[in-house]
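Chains, contacts and geometry: an overview
One-letter residues, chain by chain:
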Amino acid sequence: MSDFPKIITQNFDIENAWDINVYIERGGYKALQKALSMKPEEIVEEVKKACLRGRGGAGFPAGVKWGFIPKEIKPRYLCVNADEGEPGTFKDRNILEKDPHRLIEGIVITCYAVGINKAFIYIRGEWRKIARRLERAIIEAKEKGFVGKNILGKDFSLDILVHRGAGAYICGEETALMESIEGKRGLPRIKPPFPATKGLFGYPTVINNVETLSNIPSIVLNGGDWFANIGVPGDGGTRLFAVSGHVEKPGVYELPVGTKLKEIIFRWAGGIKDGKSLKAVFPGGISAPVLTSDEIDVSADYNSLQKIGSMLGSAAIIVMDETTSMIDVLDRVVAFFHHESCGQCTPCREGTSILKRKVSKFMKGESSQEDIDFIEKTANSMIGRCLCPLGDACGLQVATIIRKFRKEFEESLKKRV
Amino acid sequence: MPFLIIDGKEIEVKKGTTILEAAKLAGIEIPHFCYHPGLKPAGTCRMCLVEISGNPKLQTACTTEVQDGMVVNTNSPAVKKAREEVLSFLLYDHPLDCPICDKAGECLLQKNYNEHGSTEIPVKEEMIRREKKVFISERLILDRERCVLCTRCVRFLEEITGTRELLVSKRGDNSEIDIFQGIPVNNLYSGNLVDICPVGAITDLDFRFKARVWFLKEIPSVCPLCGRGCNIFIDVKGEFFPSLSKERIFRIRPRYSEINKYWICDIGRYKLAELDKNRIANPILLEPNGVREVSFEEALMSFSHYFKEPDKVAILSSYHLTNEENQLIKMIFYDKMGIKNIGYTGFRDGKGDNILLVSDRNPNRKGVKKLWGDDIEKRTQEVFQLMRRGNFNFLLLIGDEILEDENVFLSVRETFTVWILSRYNELYHNVRVILPMRNFFEKEGTFTNIDGIDQSFSSALPPFKNVPSLKDIISQISSLSGIKIEKELCERS
Amino acid sequence: MKEEKEIPSEILRIIERYPNKRAALIPVLHVFQEKFGFINPEMEKYIAGILGISPASVREVSDFYTMFKRRRLGKYHITICSSISCHLLGSRKIAEFIKEKLGISPGDVTKDGRFSLEEVSCLGYCDISPVIMINDEVYGNLTLEKVGKILEELSEVRDE
């Protein structure tokens, strides 16, 4: 499978591609010019045909999402989710650092297509330098007339505001993101109502991930069918797979949707470091239930991973070798969810708290067989009960790790006695 | 109108009704913590999860609107399990305070656990310890260990009073209810926080450790401290009250009505019990050479002759009397005994707000106006004028509340004054005769609120040391004055 | 209540980009955090006054987000990623090394006020794990040797 286009990463190896002049030289902002000559509905159609599924983790078809925005209500908003926080994910960061204009161009086209005049880029607070670079890029784009009032002479204006987060993973969840922009604690909202109906400040809102929007210029230039034909039916285009952990070549790999997980790890990321063997993989960040080494012969697309009880999510592939202690892994997983739980709903708030205490006890070697059973039971009690996917994901992940690696946990009890 | 099938029951509801509300209408109770009918639903406690056909995930009944054709099951095995597990989560770090917690007997955690909890004992670690006595206002105490973070208190102060003093600090299991330092809860509706807290996390000093709720009896009544007429419950000793406490009024709580919905203000809640303090038990004669308690007969004898000259008699009554008491005053004093100089007064206006409190601090001004005419205030001013000119030989004051009017005291010293009231106060030394009567808690009757709504209430307490009712006193006065009106009195009772 | 003309122009510029004043809260808190190194109750009250919200509403937000601190950090604030990818590539050893070298635990500041330490969730630099950030700078592909060098260099930087 070596014959696929580089859509997102086409400028990654070019020095200073974040400079607008370099971007324009390499064909940048041509898609915007084309888009402004099309009807907004036409653009939405192309994106629907492209089968572009959200790249943030939920995988909702972008064109369909845009279609939910009611025609009459104004204002409407676009929120760009640049709050990349799922452990193991670093693909959006690469786009923001190396090719921010691709994102900006995608934002302008999207706003034109949906009739939006104000966009917020929610970028995680820790990335202050990247936020500054993004702001400079927007100013550059404004100076050239690609952003701001009457873009390229058309009756379409767009204001883009970079809004920094302040250290809360939960703000990557779309409704918590909106709460945060509104100046409140990042507490996810109950859905329905959905953002398309009642979103930012109560108005219809589209929320899209950085990578999702970065695909839009190419889709406009080459058409939706072209994009859909890369990838698998219903899940078009390429994806940025972020591979980390015990691999020879950690990094971002742009590959067609549906590339085999095994291939991504062994062919592209160089296989397991130092000649070790594979033990386990998180295929989509730590929110994706862990896979054992004999479960990786699976196509990396949303449906295939769902079928085997896991998920593709943010396509952050975390590779663990034979030396990895799954108890340590469980400890890190639980520590993360416990730290990032917003605390609103009972099962997540209390569940992550109990799990943290129990797993800490395990790490100190003070646990018993009962404790393993109780950890599993507690995790299972969280699944499907929580207000947002964080708690559900924590429960499912912990339950899966215990289920698939129970022997290791039981053995460790014997060792520590 | 959407049509819902819930646990096999069919019900049609208005668009926008949630499953939980629809269930209530169908007579089905769905357990909850964070839901409160007076607040917007939050959906965070997860106790009200129910099964909706066609939906693989359980949904919160309090936030889900009924769609036409929805089929809901509130008792499936999955729902039962979810409830058990949510309760187990809440109980894991909940202190076993029931033996000393005021909320026992009214606690949603107790109730929900009783009805839906599992008896499996968890493998427990040490409970997270938190502060148990945080003053969030002068009289409200927060116990953070008991708190289940339903956020009803925070939402009440956002949605109802708009004062926003409480906040949830931090996140995850470090979340705690807190105030901004130096800015405690400070509004007229703070007492409602105790009612809405589903557990014993917020308690008030007023009631703390005073009584177990199952030894109390609740009497439905109406608050007499302003013209709104909020409906209340008065908690008094029940049949099996164990101790010899002298306390008679234990608690005032809101009672739902369209007038006040689920709330009452702190004035009614905390000041009402004072009406039962400093009671007068017997008639008192205040003479130059001393003060002495006398019998009713002796007291009445000291002034009944004044009624022979009704033109020289003035009566000042109170806007706190019931419609029935006012009718009696009109029928006996005005119609039968020919006393025309009758005026009404009461507490001065206070500050009102746009929530419940009305500036008119009297419960029955409307009722007085309905009976005597809208010009009663003008006629009262005329009576005051005549009082100042020394027109009267005898002045009869009825009610504790008239003491606020300065006009009264300008003339009281020069005229023979009799005051019928229920409580001692520092101003009674200016009168000649004191006759005790029953207070608000000991009578029944009707008030007409500022919107013209008549509200009846019954008595909450037996009379203090057998003091008579106003009706008794008036009938004794009238018979001593030689007026036979037993027939009318019988009709009135 | 401070009048409009007393509000610093930097803050006014932020407020006017949002549809309502409350939405400006997090960017305004960032301004104070970056200027003073921490957020205290006086600042919270002041911010509440400018934005027309209760101090409790400001406190809720400054408490929820981990980047707003209650006391001044060191001149060089070191955040160590403690999530899975960095952990797999030896972040714990790096953390122990830093703690030993500086003689402080996460949450502390060195006596000379030069360094402070915090363990944080995934910073999004897993391609160069293990990673630490020192103020706004990212240091990846760390070895104990590299970390030692970084700390030495920063220890020698003369204060202005």
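Below or above, wherever it landed, is the structure these notes cover. (Residues numbered from 1 in each chain as written. Chains lettered and ligands numbered in written order. Predicted model: local features only at pLDDT ≥ 70, side-chain atom pairs only at ≥ 80, totals over all residues.)

**Regarding the overall build of chain A**
- Counting secondary structure elements, chain A contains 17 helices and 11 strands.
- Taken over the C-alpha trace, chain A has a radius of gyration of 22 Å; the compact-globule value for 417 residues is 22 Å, and the two agree within 12%.
- Considered along the principal axes of its C-alpha atoms, chain A spans approximately 75 × 45 × 35 Å.
- Residue burial in chain A is summarised as follows: out of 417 residues, 60% are buried.
- Nonlocal contacts in chain A, meaning residues at least 24 apart in sequence, comprise 70% of its contacts between residues at least 6 apart. (Helix = DSSP H or I, 4+ residues; strand = E, 2+ residues; numbered from the N terminus. Rg over C-alpha atoms; globule rule 2.2 N^0.38 Å. Buried ≥ 20, exposed ≤ 12 C-beta atoms within 10 Å, placed from the backbone. Contact = placed C-beta atoms within 7 Å.)

**A look at the nonpolar core**
- If you look at the biggest cluster of nonpolar residues, it comprises 181 residues, and the most contacted ones within it are Cys79, Val80, Val108, Ile317 and Val398 of chain A.
- Residue contributions to this core peak at 10 residues, all from helix 17 (residues 389–416) of chain A.
- Beyond its immediate sequence surroundings of up to four residues, isoleucine 317 of chain A is in contact with Phe241, Ala242, Val243, Ile264, Ile265, Val281 and Pro283 of chain A.
- One finds Cys34, Val72, Phe89 and Val154 of chain B within the second-largest nonpolar core, a separate group that totals 56 residues. (Core = buried A, V, L, I, M, F, W, Y, C linked by C-beta atoms within 7 Å.)

**Re the sheet that holds strand 1 (residues 3–6) of chain B**
Residues and elements named next belong to chain B.
- The mixed open sheet is built from five strands, whose spatial order is 2-1-5-3-4. Edge positions in the sheet fall to strand 2 (9–12) and strand 4 (59–60), since each of these pairs with one other strand and no more.
- As paired elements, strand 1 and strand 5 (residues 70–73) share three bridges and run parallel to each other. Counterpart to isoleucine 6 in the pairing with strand 5 is valine 72.
- Docked against the sheet, helix 2 (residues 77–92) engages strand 3 (49–52) and strand 5, running at close to 165° with respect to strand 3. (Pairing = 2+ DSSP bridges. Axes fitted to C-alpha atoms, helices over the stretch in contact; angles between N-to-C directions.)

**Some thoughts on the interface of chain C and chain B**
- Tallying the contact residues gives nine residues for chain C and 12 residues for chain B.
- When residues in the side of chain C that touches chain B are grouped by element, the largest group, seven residues, is from helix 4 (residues 55–64) of chain C.

**Observations concerning the packing of helix 2 (residues 30–37) of chain A against helix 6 (residues 100–114) of chain A**
Residue and element names in this part refer to chain A.
- Where helix 2 contacts helix 6, the two axes come as close as 9 Å, and the packing angle between them is 5°. In terms of orientation, helix 2 lies roughly parallel with respect to helix 6. Residues Ala31, Leu32, Ala35 and Leu36 of helix 2 pack against Glu105, Val108, Ile109 and Tyr112 of helix 6. (Parallel < 35°, antiparallel > 145°, perpendicular 65-115°, else oblique.)

**Some details on helix 4 of chain C**
- With respect to burial, helix 4 of chain C is a largely interior element, 10 of its 10 residues being buried.
- Looking only at helix 4 of chain C, the buried set comprises Pro55, Ala56, Ser57, Val58, Arg59, Glu60, Val61, Ser62, Asp63 and Phe64 of chain C.
- In this structure, the buried residues of helix 4 of chain C make contact with strand 8 (166–169) and strand 9 (176–179) of chain B together with helix 2 (25–36) and helix 3 (41–51) of chain C.

**Examining helix 10 (residues 376–388) of chain B**
All names here are of chain B.
- Between its terminal C-alpha atoms helix 10 stretches 18 Å, which fits the 18 Å expected from 13 residues at 1.5 Å a residue.
- Among the residues making up helix 10, those that are buried are Ile376, Thr380, Val383, Phe384 and Met387. One side of helix 10 holds all its buried residues, which, seen down the axis, span an arc of 100°. Those residues of helix 10 that are exposed and aimed more than 90 degrees away from the buried face are Lys378, Glu382, Gln385 and Arg388. (Expected span 1.5 Å × (residues − 1). Arc of directions from axis to C-beta.)

**Observations concerning the interface of chain A and chain C**
- Taken together, the contacts link 45 residues of chain A with 32 residues of chain C.
- Those elements that place two or more of their residues in the side of chain A that touches chain C are helix 7 (128–143), strand 3 (159–164), helix 8 (174–181), strand 7 (238–245), strand 8 (251–256), strand 11 (316–321) and helix 14 (326–340) of chain A.
- Considering only residue class, the side of chain A that touches chain C consists of 18 nonpolar, 15 polar and 12 charged. (Nonpolar A, V, L, I, M, F, W, Y, C, P; charged D, E, K, R; others polar.)

**Comments concerning unusual backbone geometry**
- A cis amide bond, omega 10°, links proline 192 of chain A with the succeeding residue proline 193 of chain A.
- With respect to the helices and strands, the residue proline 193 of chain A is situated in the loop between helix 8 and strand 4 (205–209).
- The linkage connecting serine 129 of chain C with the following residue, proline 130 of chain C, adopts the cis geometry, with an omega of -10°.
- Locating proline 130 of chain C in the fold gives a position in the loop between strand 2 (115–120) and strand 3 (132–134).
- The backbone of asparagine 16 of chain A sits at a positive phi, close to 55°, despite the residue not being glycine.
- Residue placement: asparagine 16 of chain A occurs in the segment before helix 1 (20–25).

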